[in-house]
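Close look at the chain arrangement
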Amino acid sequence: MNASATAAPSVELEIGGMTCASCAMRIEKKLNRLDGISATVNYATEKAKVQIPEGYDPALLIAEVEKTGYTAALPAPPAGEGEGGRAADGEDDPELRSLRTRLIGSVVLSVPVIAMAMIPALQFPFWQWASLALAAPVIVWAAWPFHRAAWMNLRHGSATMDTLISMGTLAAFLWSLYALFLGTAGAPGMTHPFTFTLAPSDGAANIYLEVGAGVTMFILAGRYFEKRSKRRAGAALRALLELGAKEVAVLRDGVEVKIPIDRLRAGDEFVVRPGEKIATDGIVVSGASAVDASMLTGESVPVEVSAGDPVTGATVNAGGRLVVRATRIGADTQLAQMARMVEDAQTGKAEVQRLADRISGVFVPIVIAIAVVTLGAWLGAGFPAAAAFTAAVAVLVIACPCALGLATPTALLVGTGRGAQMGILIKGPEVLESTRSVDTIVLDKTGTVTSGRMTLVDVRTEAGTDRAELLRLAGALEDASEHPIAQAVAKAATVEVGQLPVPEDFANVEGRGVQGVVDGHAVLVGRETLLADWSQRLSPGLVAAKAEAEADGKTVVAVGWDGAARGILVIADTVKPTSAEAIAQLKALGLTPVLLTGDNEAVARRIAAEVGIDQVHAEVLPQDKVAVVARLQGEGRVVAMVGDGVNDAPALAQADLGLAMGTGTDVAIEASDITLVRGDLRSAVDAIRLARKTLGTIKTNLFWAFAYNVAAIPIAALGLLNPMLAGAAMALSSVFVVGNSLRLRAFRSVVD
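Residues numbered from 1 in each chain as written. Predicted model: local features only at pLDDT ≥ 70, side-chain atom pairs only at ≥ 80, totals over all residues. Heavy atoms only, no water.

If you look the protein chain up in an unreviewed UniProt entry, it shows as Cu+-exporting ATPase from Microbacterium resistens. Turning to the protein chain, the UniProt record has this under Subcellular location (unreviewed entry): "Cell membrane". According to the UniProt record, the Sequence similarities (unreviewed entry) comment for the protein chain reads "Belongs to the cation transport ATPase (P-type) (TC 3.A.3) family. Type IB subfamily." (UniProt positions renumbered as here; feature names shortened; annotations may be inferred.)

1. Things to note about the packing of helix 4 (residues 94-118) against helix 5 (residues 127-142)
Across the interface, helix 4 lies against helix 5 with an axial gap of 9 Å and an inter-helix angle of 150°. Judged by the angle between their axes, helix 4 and helix 5 are roughly antiparallel. In the crossing of helix 4 with helix 5, the sense of the turn from one axis to the other is left-handed. Residues Thr101, Arg102, Gly105, Ser106, Leu109, Ser110, Pro112, Val113, Met116 and Ala117 of helix 4 form the contact with helix 5, whose participating residues are Trp127, Ser131, Leu134, Ala135, Pro137, Val138, Trp141 and Ala142. (Axes fitted to C-alpha atoms, helices over the stretch in contact; angles between N-to-C directions. Helix = DSSP H or I, 4+ residues; strand = E, 2+ residues; numbered from the N terminus. Parallel < 35°, antiparallel > 145°, perpendicular 65-115°, else oblique. Left-handed = near helix turned anticlockwise from the far one by under 90°. Contact = heavy atoms within 4.5 Å.)

2. A look at the pairing of strand 21 (residues 564-575)
Most of strand 21 sits out of view: nine of its 12 residues are buried. Sheet topology places strand 16 (residues 450-461) next to strand 21; eight bridges connect them, and they run antiparallel. Bridging from a neighbouring strand, Arg460 pairs with Ile568 of strand 21. By the bridge criterion, seven bridges tie strand 20 (residues 555-561) to strand 21 in an arrangement that is antiparallel. When the sheet's bridge partners are listed, Trp561 is paired in strand 21 with Ala564. Once strand 20 ends, the chain turns through two residues before running back antiparallel as strand 21, passing Asp562 with a positive phi of about 50°. (Buried < 20%, exposed > 50% of the residue type's maximum accessible area, 1.4 Å probe, protein only. Pairing = 2+ DSSP bridges.)

3. Some points on the pattern of salt bridges
Under the counting rule described, the total for this entry stands at 18 salt bridges. One salt bridge in this structure joins Glu496 and Arg467, with 2.7 Å as the shortest N-O distance. One end of the pair, Glu496, is in helix 18 (residues 484-497); the other, Arg467, is in helix 17 (residues 467-478), and 29 residues separate them in sequence. Note on Arg467: relative accessible area 37%, which makes it partly exposed. Between Asp519 and Arg472 there is a salt bridge, and its shortest N-O distance comes to 2.6 Å. Residue Asp519 is found in the loop between strand 18 (513-518) and strand 19 (521-526), and its partner Arg472 is found in helix 17; the two are separated by 47 residues along the sequence. For Asp519, a relative accessible area of 45% corresponds to the partly exposed category. Judged by its relative accessible area of 23%, Arg472 is partly exposed. The network of salt bridges with shared partners includes Glu256, Arg273 and Arg321. (Salt bridge = Lys/Arg side-chain N within 4 Å of Asp/Glu carboxyl O.)

Structure (structure tokens):
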């Protein structure tokens, strides 16, 4: 579970030179051998997240990585507007550009080589020498990253996927050189028919340039498209950093002064005109407007704000002029927190990925051993060296664990990226593992199932009293009060009867209500005892209605004027319109919903019945919420918890999977694994569906990689697979994995 509150200081390193999951595992192992260091290295994001002791010099980490044969650097400062936009799409990425150049060169040079080798009609006199001229740059230059990595790994006494690629392509190239210069393959008129199977032959008469060139081309293609997809999968997340305003109009002695956003300070008041982005998180000081918060909430309907309302940086002012006082700036804003969570999500690792890393770490030496045994077995059985060599090369190429290394990280990147677009912020990919077996979902009531805001739900009047008049007079008086119940009444009255009159002689009666004069009427609004002090008594019918409402956990306000009680107003926290639908969808996913609340039993039962929840735990203290979750876990259940308040934080941390409403408190968000930005309970359904879909994609990817290697190695060892086709199939398996992962981008919300 999330332990950020007690985590050691951490530093992030950008790692260069990794070519497969085995590389990441080697660096991680090397760093973790250092005293007091806990490191996680992610191949997909090419980053290491390292927990370090206080005062530890990151330069020591960089030196340790460099000793391993890779490069490391502390992240560069955030790019400017122009740079950031280009970097987001990955087109100016030096590594991607280098890969693209090598790929284009290898395609241009390799296609003729492969065509001549596969189509005898194209084998003109001395075609084999033309093939050498074309294939040599591909095998030496285009495949150079593989050779360099293989040599680097050899120096450190290890073997990786690049070792297989380098050995396979160089073996094919060197054998071809031998056959051309020392054998009979260089003779005019030599033909090289394409076959699906291998037969014993004179190896000196055959060249395998198409193997070295073709394998290099296919693997470079897989690497390039995989690298590009990784960059694009994270582009929507990195774009969060670019959403904020760049300049802000700050009020200095009543005069607007334009300054860069980085010079804005908490407490500054700034102006936001219609159509402009709100520069940072703050509170509206004056003005009223509609704010388009779809960037954060996904909701297309603008949010009405006025003086006193909070607003979030990077949302757009769609209406009138606002003056906002900055409350959070820079790294403390909601936008920055979202970006930080996204970054954390990309540097985490799931257990299923660690399994793939461990397997690829031992897979390479086993495959090399199989290739050696294959070569020896073929030679020992009396077959020509060419046939033995070709079978061994086929084993080396077909077994390359490229797809295995990509199976998890690409799915995680695309899945978390899609989640961010939908307002589902997954703190770490390891979170996804928890969703697989979740069978119970515990829901906090207030702010999660219900709106968390008081709303007028009923109006009861004495005989002869007009409902609209009751709302107008009570609403006018309550409008002058800051109390949440008063504001609920005033808001409802404004909606129903329009503009409210301004009261005179307004007074707040501490803990009991308010009084004042409205349109010449002496009005009282508050507890029944406040009216009783003025000899204003509710009729038996209203007393019964009041008792019934209070038994349901609702709040009742009495209203009287001109010496008589006139009616009651019933206020309650209402169920969110989508909660019942969300509960039904959670049940459809096989989850058992449980309502958990500190409210009284009657309120809890009423809310539970309204939304379709059978199990209820009511009147639970904050510390007891943890106990309830722990007790459910003790019964063998795997528990997810959805909450939004400070009092939910311990339970969110205790649960196997914690989901916090983005409309809730920072403490709850910090303690959770997933943040639901929209505050709509259906987002919890989306989060679990997306996590399960991502896990399913990972399993499909891993199955393909495993099944492919297990099935293909024996076929290659038996000489039934041409090395060139083996290379193509291996590269295509990587493309399949990336393509399968990218299907997650089409994931659709239940809200849509």
